[in-house]
Amino acid sequence: MTDPQGFILIVDDDPDLREIITLKLTKAGFRVEQAENGEDGISNAKKLQPDLVLMHVRMLKKSGIEALLKMK
């Protein structure tokens, strides 16, 4: 499914921050999905194929850098 504004995956271990970003992007017309850690982010990115991934660098289970390297 292609969205007119695009599809964004947000990966962050802070649920409040994920929710704030999701609300702002959804209001702007983007389709948004969330992941709460790097491992879930990798899985969701492979499965969902987002147009853009916004990821926090410092996370407990797997850092954003580690997740990025796996996604490449």
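For the structure given in this document, a descriptive report is provided here. What you are looking at is a predicted structure, and each value in this text was computed from that prediction instead of being measured.

## Details of the overall build of the chain
Moving on, step 1. Looking only at helices and strands, the chain has three helices and three strands in total.
Moving on, step 2. Beginning at the N terminus, the succession of helices and strands in the chain can be written as β-α-β-α-β-α.
Moving on, step 3. When the 72 residues of the chain are sorted by exposure, 35% land in the buried category.
Moving on, step 4. Considering only residue pairs separated by 6 or more positions, the chain has 60% of its internal contacts joining residues 24 or more positions apart.
Moving on, step 5. A total of about 4900 Å² of accessible surface is found on the chain, and carbon and sulfur atoms cover 54% of it.

## Comments concerning the packing of aromatic side chains
Moving on, step 1. Using the criterion set out here, one finds zero aromatic pairs in the structure.
Moving on, step 2. The ring of Phe 7 carries Arg 31 above its face, with NZ or CZ at 3.8 Å from the centroid.

## Here's the deal with the pairing of strand S1 (residues 7-11)
Moving on, step 1. Taken across its five residues, S1 has five buried, putting it largely inside the fold.
Moving on, step 2. Going residue by residue along S1, you find Phe 7, Leu 9 and Val 11 tucked away on one face and Ile 8 and Ile 10 tucked away on the opposite face as well.
Moving on, step 3. Alignment of S1 against strand S2 (residues 31-35), held across five bridges, turns out to be parallel. Across the sheet, Leu 9 pairs through a bridge with Glu 33, a residue of S2.
Moving on, step 4. Read from S1 through helix H1 (residues 15-27) to S2, the crossover connection turns out right-handed.
Moving on, step 5. The sheet contact formed by S1 and strand S3 (residues 52-55) spans four bridges and is parallel. Residue pairing for S3: Val 11 is matched across the bridge by Met 55.

Reading guide: rules and limits
- Residues numbered from 1 in each chain as written.
- Predicted model: local features only at pLDDT ≥ 70, side-chain atom pairs only at ≥ 80, totals over all residues.
- Heavy atoms only, no water.
- Helix = DSSP H or I, 4+ residues; strand = E, 2+ residues; numbered from the N terminus.
- Buried < 20%, exposed > 50% of the residue type's maximum accessible area, 1.4 Å probe, protein only.
- Contact = heavy atoms within 4.5 Å.
- Areas by Shrake-Rupley, 256 points an atom, 1.4 Å probe, with all protein chains shown as cover.
- Phe/Tyr/Trp six-rings, centres within 6.5 Å; stacked < 30°, edge-to-face > 60°.
- Lys NZ or Arg CZ within 6 Å of the ring centre and 35° of its normal.
- Pairing = 2+ DSSP bridges.
- Right-handed = clockwise from strand over helix to strand, strands pointing away.

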